[in-house]
Each structure stands twice: as C-alpha cells, then as structure tokens.
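# Residue-level structural notes
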Amino acid sequence: MCIRDIMYPGNTSLAIEPNGKITLKQYSSKKESKRIKELEEKIFKLIPERNILEVLCNTHHWVSWTRHFSHISGSDNKLDNAIEKYLLTSFTYGCNLGPIQASKHLSGIISADTLSYLNRRHVTSEKLDSALRDIINKYKQLELPTFWGTGKHAAADGTMVEMFRNNIVSEYHIRYGKNGGIMFHLLSDTYIALMGTFIPCGTWEAVHLLDLFIQNKSEIQPDTIHGDTQQQSGTVFALSHLLGIDLMPRIRNWKDLTFFRPSKNTKYKHIDTLFKDTVDWNLIETHWKDIFQVVISIKEGKILPSTLLKRLNNQSRKNRLFFAFRELGMVIRTIFLLRYIIDMDVRQKITNETNKVEAYNGFIDKIRFGDYGIITSNDPIEQEKRVKYSELVANAIILQNAVDITDAINKLIKDGYKISKSDIEALSPYILRNLKRFGDYFINVNSAPEPFLYEMFVSCKNNYVKRLFLHVCSLYPNIVYLLKLKEQDVILLDRCITCYRQQIFNIKSDNKGVTEEENLKKIQDYLHELFFDKYKEQLP
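Calculation notes
- Residues numbered from 1 in each chain as written.
- Predicted model: local features only at pLDDT ≥ 70, side-chain atom pairs only at ≥ 80, totals over all residues.
- Heavy atoms only, no water.
- Helix = DSSP H or I, 4+ residues; strand = E, 2+ residues; numbered from the N terminus.
- Contact = heavy atoms within 4.5 Å.
- Areas by Shrake-Rupley, 256 points an atom, 1.4 Å probe, with all protein chains shown as cover.
- Salt bridge = Lys/Arg side-chain N within 4 Å of Asp/Glu carboxyl O.
- Buried < 20%, exposed > 50% of the residue type's maximum accessible area, 1.4 Å probe, protein only.
- pLDDT = per-residue confidence, 0-100.
- 1 Å grid on protein atoms, 1.4 Å probe; cavity = no way out; pocket = protein on both sides within 12 Å on 5 of 7 lines; lining within 4 Å.
- Points joined across faces, edges and corners; volume = space filled by probe spheres on them.
- Nonpolar A, V, L, I, M, F, W, Y, C, P; charged D, E, K, R; others polar.
- Phe/Tyr/Trp six-rings, centres within 6.5 Å; stacked < 30°, edge-to-face > 60°.
- Lys NZ or Arg CZ within 6 Å of the ring centre and 35° of its normal.
- Arc of directions from axis to C-beta.
- Expected span 1.5 Å × (residues − 1).
- Axes fitted to C-alpha atoms, helices over the stretch in contact; angles between N-to-C directions.
- Parallel < 35°, antiparallel > 145°, perpendicular 65-115°, else oblique.
- Left-handed = near helix turned anticlockwise from the far one by under 90°.
- Patch = residues over 30% accessible without salt bridge, like charges linked within 9 Å, V, L, I, M, F, W, Y side chains within 5 Å.
- Pairing = 2+ DSSP bridges.

Counting secondary structure elements, the protein chain contains 21 helices and twelve strands. Here the contacts in the protein chain between residues at least 6 apart in sequence split such that 71% fall between residues at least 24 apart. Of the roughly 29,200 Å² of accessible surface on the protein chain, 51% is carried by carbon and sulfur atoms.

As structure tokens, then:
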C-alpha cells in the first residue's frame, strides 16, 4: 500500500474530489516582524560603507583568488602590479562597465587597451570558475551561512539580459518582450552562487540544469535541486534521479500532469482518482543497460548532460532511448508530485529556495549597472565569461556582507542585545545599502573652467569668412572669446592679422627677458586698442 495513501486521511492541507480534482491549502507566509526590522537597522548602522573595488581587494587578501589568472600560454606572468590589474579587470567586466568607460572613471590608472587585453589573454571561463570556487569555499567556513541552509539544497533559475539583435545567440523573449539571452544560475541554500552559464532564450532551462550541478567542484555539494517549471521534464527527472540528485521543482500547471500507477491492478483507497495512466516497465527494462551506459559516461565526465538531453528531446519513434528515459521520468515525477501534494513542508521548502534564487537575480542585476546591463559582445565565449565575472563580483560582495554581518551581530551580543536563532535565519547577505556601487565623486568649486565663446559664427554664408573665424578662434582663444564678432568684423580682423603677428614678434623681440604672462598682457592691450571703439562695452 502506498504511504501517501495512508497519510491522506489525516491531511488537512489536501482535498481530493471524486472526479480527481485536487485542492491544496495555502500555507500562511511569514510576515517580517518589527523585531527583525529593528535588528536589520541596528546591523546596517554597524556595517561600514564600502565600494566594490574595496570589497574585491578584501576578498583577495582573504583567499588570493587572482592567483588563477595568468597568460593563456602558460608563461610566467610579467605584468607590473598584476594583482591590481586583475582586480580592476574583474570590476570592469563584472559590473558591465566595459574597458573604455572603466578606464575613464578610474582616472587613467589603467588604459582601456590593457583591460581588454587582460580579459582576452589572461582570463578564461575555467580560471573564473577557479576564482569563484575559492570564494565559495571561504564562505563555507563562516558560521553565519549555516543558519540559512545546510548546503544540501540548491535552486536554479535564469534571468533575461539584453543583447544586440545581430547575434547568433540573441533571441526574442516573448515574456520580456526584448532581444537577449538567459543568465542561468545555480544557487546554494546558503545564498551564494555555485555556478552560472549563458544560454539562448529559446532553450528549455532544464537541459542545462544538470551541467551546472556536474561542473560544481566547490566544497558545497548539494543533493537536492529546486527550480520552477523550466527546470523539469520527464527525461530530466529520470537522469537526475540516476545521478543521485533529488529534483524538486515548483511546477506551474502541475494539476494538468498525469499521475502513473505501477500497474493496472494497483488500486488505492483514498487517492486512486489521481492516477490516469500506467507505467510501461517493459520499456524501461529493455533499455536499462543503455540508460546506465549513458549515466556512467556522464559520471566519468565523457559527456555533458545537456549534450544528451538535447538529443533526447527529439520525439522520434526511432529514438527508443528517449521513450525509456521519459517513462522512467514519469515514475520519478509521480513520486515527487505525491510528496508535493501530501507534505506542506515540502511545498514551503521549495517556495523558500526558489525565492532565494529570484532574490539573487535582482541582486546581481543591480551589480551589473554598466551599459544598462546589456551584453555588448557577440562572442559566445565572452558572453559566458561576462556571466562568471558578474557572479565573481556578486559572490565577493556576499562574502564581505557575511563577514560584516557576523561582526555586527557579535558587537550587538557583546552590548547585551538578545538575538535568537530565528532572528539570524531571517537575515540575508543580499545587502546593497552599505555598498557605494558607483564609487566616490569629488567636487571643487574653486576650480575655474576654461574660457568659452559666447556665440559660434555659423550663420555666415561666406565659407571663407566662416573658416577664418574658426581659425582665429583656435589661434587666439584667450582674446577672441571676449568679442561677439560679426561677418564684417572678421574680415577686419583678417586684415589686421599680419600686423597683429608682426606686433607679437616685435613684443617678443623687444622683451626677451619678460615672462609669457607679461607678453600676453601686451598682446591683449594691442587688440584692446584695435577694437576699443567698436567693442568698448564688451571688453573688460
């Protein structure tokens, strides 16, 4: 007898009507209490303000993650101030500024060409993964994240980023109404990102879900993955189960899915109306060896799960392995759905974990503030790197926030403020209030601007006079800017240029020991006399 059938009579959160219609009782969401808000405000006051470069420097001092960056040829690093340049490169691409804008805002301490060169020749996706792994492992050593999760659960979700249309990856996303791709993340239940990749909008996200799980080599190794409707399918349920992964997604239209009974003769007392079809065990048994060969190949690293799942999505009668995987997936999915509808705690856990990854999407979007968040590169390799750069900066901020929150909590406890375990569980490291995302700005009201022209001589039809005026303006800006010259005045000035230049020569020849400022003053006096009658109201 099915254990779910036994549990049904005492379940107050589930109702099954005779026609098989299911009604689930919604659990009451926890509202943020005044005490939590008060604790957050006290913590925010104790956390110091930091800019992103300061955060990157701090995390580098803790784990030296830039040691993974070097020239792709493998030769010895001959860069001057290599650590500083790698940190600036990570900031530039992690915040999506781009090398040109970053170079301008960094006051010229590094050129745009250098930033671009370091990104192309010194940083790869594999090296970024290694740097990310260092930060994740350091984060795991903290006690604070253990209040938020065990590390055994993870959630996956994608967020859309805009791209240019003339791109082989860019596609039109119906829901967002824009052209772009998907930044796909795997997030631990302790709030830190484990892996990320870049995929097209039209791809079913579940195809790449298991890739992130397999490629995660950090010390945080989850065995349960949550997600939304895009993170599941029949074949993904089967493959994840065989890889030892418990797939527990939040499925949007789960009521429309078919429940499979083990055999036609199997009957249940309370939940029998849920089942509409029967498992074909013969199909699974026939292809059992083929299924295990595929799983072993994935375990040994010979093939990625996405490569297999792309082939198994072809619903062709010739592809019997697809039907075998799908049939096994229907079994695993039916077991999950029974757990989902019977156990309210399971539903709440799934919702909580998927909410975390959605909060992370909003967090990383605010970090990628440059260029409106648009990925400007058309190179698929560069697009993948941009995702990992952003995750690197985001994880560095999460690590820094966790350290600062720990210090703040310790200070509050030392001062006699009582903090419970449930209070800490309600906190989150996704804090931006203390972060100066755009750096520091300075003002100097005593710095006078350069003199400027009041009017531009552009209405004149005589091109010669127009060019002459522009030429005079470029040669003598300190003098001409005071005059509002008309066309006939420029012609007059043209006639005086020869005499004017001779006068400059005479002044400099007669006053070899005089300073440039004094020479300029005499030149200004000369023009003052020349135009005094006509422009005496404009001249000082």
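Right, let's talk about the pattern of salt bridges for a bit. Scanning all chains against the criterion turns up 13 salt bridges. The salt bridge involving Asp404 is made with Arg50; its shortest N-O contact spans 3.1 Å. With a gap of 354 residues between them, Asp404 in helix H15 (residues 380-414) and Arg50 in strand E3 (residues 50-51) connect regions that are remote in the sequence. With a closest N to O distance of 2.7 Å, Arg67 and Asp134 form a salt bridge. Of this pair, Arg67 sits in the loop between helix H3 (52-63) and helix H4 (82-94) while Asp134 sits in helix H7 (residues 125-140), placing them 67 residues apart in sequence. On the basis of relative accessible area, Asp134 is assigned to the buried category, the value being 13%. Ionic contacts of the salt-bridge type, sharing partners, join the residues Arg50, Glu54 and Asp404 into one network.

Take the confidence of the model for the protein chain next. Overall, the prediction assigns the protein chain a mean pLDDT of 81, with 78% of residues at 70 or greater. Within the protein chain, no element has a lower average pLDDT than helix H21 (residues 532-535), which sits at 48, and none a higher one than H7, at 95. Below pLDDT 50 for its whole length, residues 532-536 participates in eight contacts with residues either more than four positions away or in separate chains.

A water-sized probe, rolled over the atoms, reveals where empty space remains. The full count for this structure, using the stated rule, is four cavities of 30 Å³ or more. The calculated volume of the second largest cavity comes to roughly 40 Å³. Asp129, Leu132, Arg133, Ile136, Leu194, Met195, Gln215, Asn216, Lys217 and Ser218 are the residues that line the second largest cavity. Mapped onto the lining of the second largest cavity, the elements with two or more residues apiece are H7 and strand E7 (193-200). If you tally residues by element for the lining of the second largest cavity, the top one is H7, at four residues. Partitioned by chemical class, the residues of the lining of the second largest cavity number four nonpolar, three polar and three charged.

As enumerated under the stated definition, the model contains 15 aromatic pairs in all. For the pair Tyr360 and Tyr430, a centre-to-centre distance of 6.0 Å together with 55 degrees between the ring planes defines the contact as tilted. Residue Tyr360 is located in helix H14 (residues 344-367), and its partner Tyr430 is located in the loop between helix H16 (421-425) and strand E12 (435-436); the two are separated by 70 residues in the primary sequence. The pair formed by Tyr360 and Tyr430 is uniform in burial state, with each residue classed as buried. These aromatic residues form a ring-pair network of at least three members: Trp148, Tyr191, Tyr360, Phe363 and Tyr430. The positively charged end of Lys356 is found above the aromatic ring belonging to Tyr191, 4.8 Å away from the centroid.

The next thing to look at is helix H6 (residues 112-121). Along H6, the residues classified as buried are Ala112, Leu115, Leu118 and Asn119. Seen along its axis, H6 keeps its buried residues to an arc of 135 degrees; they face one direction. Elements that come into contact with the buried residues of H6 comprise H4, helix H5 (99-105) and H15.

Once that is clear, we can look at helix H11 (residues 288-299). Between its first and last C-alpha atoms H11 spans 16 Å; for twelve residues at 1.5 Å apiece the expected length is 16 Å, and the two agree. Restricting attention to buried positions, one finds in H11 the residues Ile291, Val294, Val295 and Ile298. Down the axis of H11, the buried set is contained in an arc of 95 degrees. They therefore lie on one face. Facing away from the buried side of H11 by more than 90 degrees, the exposed set consists of Lys289 and Gln293. Buried residues along H11 sit against helix H8 (206-215), helix H9 (234-242), helix H10 (281-286), helix H12 (305-312) and helix H13 (320-342). One or two residues past the end of H11 sits Gly301, with phi positive at roughly 80 degrees.

Our next topic: the environment of Leu128. If you trace the backbone, Leu128 turns up in helix H7. Considered as a pair, Leu128 and Tyr389 are 261 residues apart in the sequence and their alpha carbons are 7.0 Å apart. Ignoring anything within four residues of it in the chain, the contact list for Leu128 reads Phe69, Val123, Lys385, Lys388, Tyr389 and Leu392.

Once that is clear, we can look at the side chain of Asn395. Relative to the elements of secondary structure, Asn395 occurs in helix H15. If sequence neighbours within four positions are ignored, Asn395 has contacts with Leu132, Ile135, Ile136, Ile192, Ala193 and Tyr360.

Moving on to the packing of H7 against H15. Taken N-terminus to C-terminus, the directions of H7 and H15 make an angle of 15 degrees; their axes are 10 Å apart at the nearest point. Between H7 and H15, the angle is such that the two are roughly parallel. The element H7 and its partner H15 pack so that their crossing is left-handed. Across from Ser125, Leu128, Asp129, Ala131, Leu132, Ile135, Ile136, Lys138 and Tyr139 in H7, the residues of H15 making contact are Ile381, Glu384, Lys385, Lys388, Tyr389, Glu391, Leu392, Asn395, Ala396, Ile398, Leu399 and Ala402. Among the residues forming the contact of H7 with H15, the class breakdown is 13 nonpolar, two polar and six charged.

Let us look at a nonpolar patch on the surface. A contiguous nonpolar surface patch, about 280 Å² in accessible area, is contributed by Trp288, Phe292 and Ile296. Summarising the element assignment, Phe292 is placed in helix H11.

Turning our eyes to something else, we now look at the pairing of strand E6 (residues 178-188). Of all eleven residues that make up E6, ten are buried, and the element is covered over most of its length. Strand direction decides the pairing type here: strand E4 (residues 153-162) and E6, joined by nine bridges, are antiparallel. In the sheet register, Thr159 faces E6, and the bridge partner there is Met183. As paired strands, strand E5 (residues 171-173) and E6 are joined by three bridges and run antiparallel to one another. Residue pairing for E6: Glu171 is matched across the bridge by Gly180. Counting the residues that bridge the hairpin from E5 to E6 gives four residues, and of these Gly177 lies at a positive phi of roughly 70 degrees.

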